Amino acid sequence: DQQVKQNSPSLSVQEGRISILNCDYTNSMFDYFLWYKKYPAEGPTFLISISSIKDKNEDGRFTVFLNKSAKHLSLHIVPSQPGDSAVYFCAASVGDMRFGAGTRLTVKP
Amino acid sequence: NAGVTQTPKFRVLKTGQSMTLLCAQDMNHEYMYWYRQDPGMGLRLIHYSVGEGTTAKGEVPDGYNVSRLKKQNFLLGLESAAPSQTSVYFCASSYVGSRNEQFFGPGTRLTVL
(Lines give C-alpha, C1' and ligand atoms only; values in the text may rest on other atoms or scores of the structure.)
Protein backbone atom coordinates (compact mmCIF):
# COMPACT_ATOMS: atom_id res chain seq x y z
CA ASP A 1 0.00 0.00 0.00
CA GLN A 2 1.21 3.47 -0.78
CA GLN A 3 1.69 5.28 2.48
CA VAL A 4 2.82 8.48 0.78
CA LYS A 5 0.74 9.88 -2.05
CA GLN A 6 1.28 12.70 -4.47
CA ASN A 7 -2.03 12.94 -6.27
CA SER A 8 -0.95 15.44 -8.92
CA PRO A 9 1.35 13.84 -11.50
CA SER A 10 2.11 17.22 -13.05
CA LEU A 11 1.94 20.94 -12.40
CA SER A 12 2.62 23.86 -14.72
CA VAL A 13 3.20 27.41 -13.49
CA GLN A 14 4.41 30.70 -14.92
CA GLU A 15 7.86 31.99 -14.04
CA GLY A 16 7.72 34.28 -11.01
CA ARG A 17 4.52 32.78 -9.64
CA ILE A 18 4.16 30.40 -6.70
CA SER A 19 4.38 26.63 -7.15
CA ILE A 20 2.57 24.49 -4.59
CA LEU A 21 3.24 20.78 -4.54
CA ASN A 22 1.14 18.59 -2.28
CA CYS A 23 1.67 15.30 -0.51
CA ASP A 24 -0.55 13.17 1.74
CA TYR A 25 0.46 10.33 4.01
CA THR A 26 -1.39 7.65 5.91
CA ASN A 27 1.04 6.46 8.58
CA SER A 28 0.77 8.66 11.68
CA MET A 29 4.08 7.23 12.94
CA PHE A 30 6.12 9.12 10.33
CA ASP A 31 8.31 11.60 12.17
CA TYR A 32 10.41 13.17 9.46
CA PHE A 33 9.46 14.44 6.02
CA LEU A 34 11.59 15.39 3.06
CA TRP A 35 11.36 16.72 -0.46
CA TYR A 36 13.72 15.60 -3.18
CA LYS A 37 14.16 17.06 -6.63
CA LYS A 38 15.07 15.01 -9.67
CA TYR A 39 16.29 16.08 -13.10
CA PRO A 40 16.21 13.64 -16.05
CA ALA A 41 19.03 11.08 -16.10
CA GLU A 42 20.15 12.10 -12.61
CA GLY A 43 19.50 10.76 -9.14
CA PRO A 44 17.21 12.62 -6.73
CA THR A 45 18.81 15.40 -4.70
CA PHE A 46 17.72 16.48 -1.26
CA LEU A 47 15.85 19.78 -1.20
CA ILE A 48 14.32 20.45 2.20
CA SER A 49 13.03 18.57 5.23
CA ILE A 50 10.85 19.02 8.27
CA SER A 51 10.53 17.23 11.57
CA SER A 52 7.12 16.26 12.87
CA ILE A 53 7.56 18.62 15.82
CA LYS A 54 7.47 21.61 13.46
CA ASP A 55 4.83 22.91 11.10
CA LYS A 56 7.01 24.99 8.82
CA ASN A 57 10.56 25.07 7.53
CA GLU A 58 11.96 27.63 5.16
CA ASP A 59 15.10 27.66 3.02
CA GLY A 60 15.38 30.53 0.58
CA ARG A 61 12.65 30.23 -2.02
CA PHE A 62 11.50 26.86 -0.65
CA THR A 63 9.11 26.40 2.25
CA VAL A 64 7.67 23.13 3.50
CA PHE A 65 4.47 23.09 5.54
CA LEU A 66 3.31 20.18 7.65
CA ASN A 67 -0.27 19.68 8.84
CA LYS A 68 -0.14 16.63 11.07
CA SER A 69 -3.84 16.54 11.83
CA ALA A 70 -4.60 16.35 8.11
CA LYS A 71 -1.55 14.17 7.38
CA HIS A 72 -0.63 16.62 4.67
CA LEU A 73 2.63 18.11 3.51
CA SER A 74 3.19 20.85 0.95
CA LEU A 75 6.17 22.48 -0.73
CA HIS A 76 5.95 26.11 -1.78
CA ILE A 77 8.40 27.59 -4.27
CA VAL A 78 8.35 31.38 -4.51
CA PRO A 79 9.16 32.77 -6.98
CA SER A 80 9.27 29.85 -9.39
CA GLN A 81 12.10 29.79 -11.93
CA PRO A 82 12.53 27.77 -15.14
CA GLY A 83 15.44 25.91 -13.50
CA ASP A 84 12.97 24.55 -10.95
CA SER A 85 11.41 22.39 -13.66
CA ALA A 86 11.95 18.85 -12.41
CA VAL A 87 10.18 15.94 -10.73
CA TYR A 88 9.62 16.50 -7.02
CA PHE A 89 9.32 13.56 -4.66
CA CYS A 90 7.82 13.74 -1.22
CA ALA A 91 9.22 11.27 1.32
CA ALA A 92 8.32 10.31 4.87
CA SER A 93 10.28 8.35 7.40
CA VAL A 94 10.13 6.44 10.62
CA GLY A 95 13.22 4.38 10.05
CA ASP A 96 12.64 3.33 6.44
CA MET A 97 11.87 6.10 4.01
CA ARG A 98 8.73 5.91 1.87
CA PHE A 99 8.46 7.98 -1.29
CA GLY A 100 5.53 9.36 -3.20
CA ALA A 101 5.25 8.81 -6.94
CA GLY A 102 6.42 12.32 -7.76
CA THR A 103 5.01 15.48 -9.33
CA ARG A 104 6.51 16.88 -12.52
CA LEU A 105 6.79 20.64 -12.22
CA THR A 106 7.13 22.74 -15.36
CA VAL A 107 7.92 26.43 -14.94
CA LYS A 108 7.23 28.37 -18.13
CA PRO A 109 9.24 31.50 -18.97
CA ASN B 1 34.56 14.04 -4.74
CA ALA B 2 32.64 11.80 -7.10
CA GLY B 3 29.82 11.33 -4.55
CA VAL B 4 27.79 8.21 -5.32
CA THR B 5 28.57 6.35 -8.53
CA GLN B 6 26.78 3.40 -10.08
CA THR B 7 27.97 0.81 -12.59
CA PRO B 8 26.68 0.10 -15.20
CA LYS B 9 24.41 2.91 -16.40
CA PHE B 10 22.37 0.68 -18.69
CA ARG B 11 21.95 -3.08 -19.04
CA VAL B 12 19.72 -5.45 -20.97
CA LEU B 13 19.30 -8.98 -19.65
CA LYS B 14 17.42 -12.03 -20.77
CA THR B 15 15.07 -13.76 -18.35
CA GLY B 16 17.03 -16.05 -16.06
CA GLN B 17 20.37 -14.30 -16.44
CA SER B 18 22.20 -12.94 -13.44
CA MET B 19 24.02 -9.69 -12.87
CA THR B 20 25.49 -7.45 -10.19
CA LEU B 21 25.04 -3.71 -9.88
CA LEU B 22 27.85 -1.86 -8.17
CA CYS B 23 27.48 1.24 -6.04
CA ALA B 24 30.42 3.18 -4.67
CA GLN B 25 30.56 6.26 -2.45
CA ASP B 26 33.53 8.36 -1.42
CA MET B 27 31.86 10.35 1.37
CA ASN B 28 32.65 7.86 4.16
CA HIS B 29 28.94 7.33 4.77
CA GLU B 30 27.89 4.52 7.09
CA TYR B 31 24.48 3.88 5.55
CA MET B 32 23.83 2.71 2.01
CA TYR B 33 20.60 1.85 0.20
CA TRP B 34 19.27 0.31 -2.99
CA TYR B 35 15.97 1.56 -4.45
CA ARG B 36 14.00 0.80 -7.55
CA GLN B 37 11.85 3.34 -9.36
CA ASP B 38 8.90 2.27 -11.46
CA PRO B 39 6.40 4.50 -13.28
CA GLY B 40 3.70 5.79 -10.93
CA MET B 41 5.31 4.11 -7.92
CA GLY B 42 8.00 6.42 -6.65
CA LEU B 43 11.15 4.93 -5.16
CA ARG B 44 10.88 1.71 -3.19
CA LEU B 45 13.58 0.43 -0.87
CA ILE B 46 15.01 -2.98 -1.81
CA HIS B 47 17.79 -3.52 0.75
CA TYR B 48 19.93 -1.32 2.92
CA SER B 49 23.07 -1.47 5.03
CA VAL B 50 23.92 0.36 8.23
CA GLY B 51 27.58 -0.55 8.11
CA GLU B 52 30.25 -2.75 6.62
CA GLY B 53 29.27 -6.39 6.78
CA THR B 54 25.61 -5.74 7.64
CA THR B 55 22.55 -5.73 5.39
CA ALA B 56 18.79 -5.67 5.91
CA LYS B 57 15.64 -6.07 3.85
CA GLY B 58 13.60 -3.13 2.73
CA GLU B 59 10.12 -2.89 1.28
CA VAL B 60 10.64 -5.04 -1.86
CA PRO B 61 13.58 -7.44 -1.26
CA ASP B 62 12.39 -10.55 -3.13
CA GLY B 63 14.57 -11.60 -6.04
CA TYR B 64 17.56 -9.52 -4.92
CA ASN B 65 20.60 -10.07 -2.76
CA VAL B 66 23.14 -7.55 -1.50
CA SER B 67 26.59 -7.45 0.02
CA ARG B 68 28.60 -4.76 1.83
CA LEU B 69 32.11 -6.16 2.12
CA LYS B 70 33.70 -2.71 2.10
CA LYS B 71 32.31 0.46 3.63
CA GLN B 72 32.42 2.35 0.35
CA ASN B 73 30.75 -0.32 -1.80
CA PHE B 74 27.26 -1.80 -1.86
CA LEU B 75 26.46 -4.51 -4.41
CA LEU B 76 23.00 -5.49 -5.62
CA GLY B 77 22.65 -8.93 -7.21
CA LEU B 78 19.93 -10.46 -9.33
CA GLU B 79 20.41 -14.22 -9.40
CA SER B 80 17.74 -15.02 -11.99
CA ALA B 81 16.36 -11.91 -13.63
CA ALA B 82 12.64 -11.61 -14.39
CA PRO B 83 10.78 -9.09 -16.59
CA SER B 84 9.18 -7.69 -13.39
CA GLN B 85 12.66 -6.48 -12.41
CA THR B 86 12.79 -4.10 -15.34
CA SER B 87 13.25 -0.80 -13.58
CA VAL B 88 15.59 2.06 -12.81
CA TYR B 89 17.78 1.27 -9.82
CA PHE B 90 19.18 3.95 -7.56
CA CYS B 91 21.82 3.61 -4.92
CA ALA B 92 22.04 6.11 -2.07
CA SER B 93 24.16 6.75 1.00
CA SER B 94 23.87 8.83 4.14
CA TYR B 95 25.65 9.80 7.34
CA VAL B 96 24.59 8.14 10.55
CA GLY B 97 23.58 11.45 12.07
CA SER B 98 21.44 12.57 9.14
CA ARG B 99 20.20 9.17 8.16
CA ASN B 100 17.27 10.38 6.22
CA GLU B 101 19.07 12.91 4.05
CA GLN B 102 20.37 10.57 1.41
CA PHE B 103 22.73 11.23 -1.47
CA PHE B 104 21.75 9.39 -4.63
CA GLY B 105 23.69 8.00 -7.55
CA PRO B 106 22.62 8.66 -11.17
CA GLY B 107 20.79 5.36 -11.55
CA THR B 108 21.04 2.16 -13.60
CA ARG B 109 18.38 1.45 -16.19
CA LEU B 110 17.82 -2.31 -16.37
CA THR B 111 15.64 -4.04 -18.94
CA VAL B 112 14.86 -7.74 -18.61
CA LEU B 113 13.51 -9.33 -21.79
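Structure first, text after, so check above.
Residues numbered from 1 in each chain as written. Chains lettered and ligands numbered in written order. Predicted model: local features only at pLDDT ≥ 70, side-chain atom pairs only at ≥ 80, totals over all residues. Heavy atoms only, no water.

This next bit is on the pairing of strand β5 (residues 42–51) of chain B. All names here are of chain B. With nine of its ten residues buried, β5 lies for the most part within the structure. Sheet analysis places strand β4 (residues 31–38) next to β5, joined by seven bridges and oriented antiparallel. Bridging across to β5, Tyr 35 finds its partner in Leu 45. Linking β4 back to β5 in an antiparallel pair, the connection comprises three residues, with Gly 40 at a positive phi of about 75 degrees. Pairing of β5 with strand β6 (residues 54–57) involves three bridges; the strand directions are antiparallel. For His 47, the partnering residue across the bridge sits in β6 and is Lys 57. (Buried < 20%, exposed > 50% of the residue type's maximum accessible area, 1.4 Å probe, protein only. Helix = DSSP H or I, 4+ residues; strand = E, 2+ residues; numbered from the N terminus. Pairing = 2+ DSSP bridges.)

This paragraph deals with the packing of aromatic side chains. Per the stated rule, a full pass over the model turns up twelve aromatic pairs over all chains. Ring plane angle 80 degrees and centroid distance 6.3 Å describe the contact between Phe 99 of chain A and Phe 104 of chain B, whose orientation is recorded as edge-to-face. You can see Phe 99 of chain A sitting in strand β10 (residues 96–99) and its partner Phe 104 of chain B sitting in strand β10 (residues 103–104), one on each of two chains. The rings of Tyr 36, Phe 46 and Phe 99 of chain A together with Tyr 33, Tyr 35, Phe 90 and Phe 104 of chain B are connected pair by pair, giving a single aromatic cluster. (Phe/Tyr/Trp six-rings, centres within 6.5 Å; stacked < 30°, edge-to-face > 60°.)

So, on to the pattern of salt bridges. A full pass over the atoms with the stated rule returns six salt bridges over all chains. Here Glu 59 of chain B ties to Arg 98 of chain A by a salt bridge, and the two come within 3.6 Å at their closest N and O atoms. A residue pair is termed interchain when its members come from two chains, as with Glu 59 of chain B in the loop between β6 and β7 (65–67) and Arg 98 of chain A in strand β10. For Glu 59 of chain B, a relative accessible area of 30% gives the class partly exposed. Here Arg 36 of chain B ties to Asp 38 of chain B by a salt bridge, and the two come within 2.9 Å at their closest N and O atoms. By relative accessible area, Arg 36 of chain B is classed as buried at 8%. According to the relative accessible area criterion, Asp 38 of chain B is buried, its value standing at 11%. Within the structure, one salt-bridge network assembled from shared partners comprises Lys 37, Arg 61 and Asp 84 of chain A. (Salt bridge = Lys/Arg side-chain N within 4 Å of Asp/Glu carboxyl O.)

All names here are of chain B. The antiparallel open sheet is built from four strands, whose spatial order is β1-β3-β8-β7. Here the strands that pair on one side only, and so sit at the sheet edges, are β1 (4–7) and β7. Pairwise comparison of adjacent strand axes, ignoring direction, gives a mean angle of 20 degrees for this sheet. Here β7 runs beside strand β8 (residues 73–78); their pairing, made up of three bridges, is antiparallel. In the strand pairing of β8, Ser 67 is matched with Leu 75. (Axes fitted to C-alpha atoms, helices over the stretch in contact; angles between N-to-C directions.)

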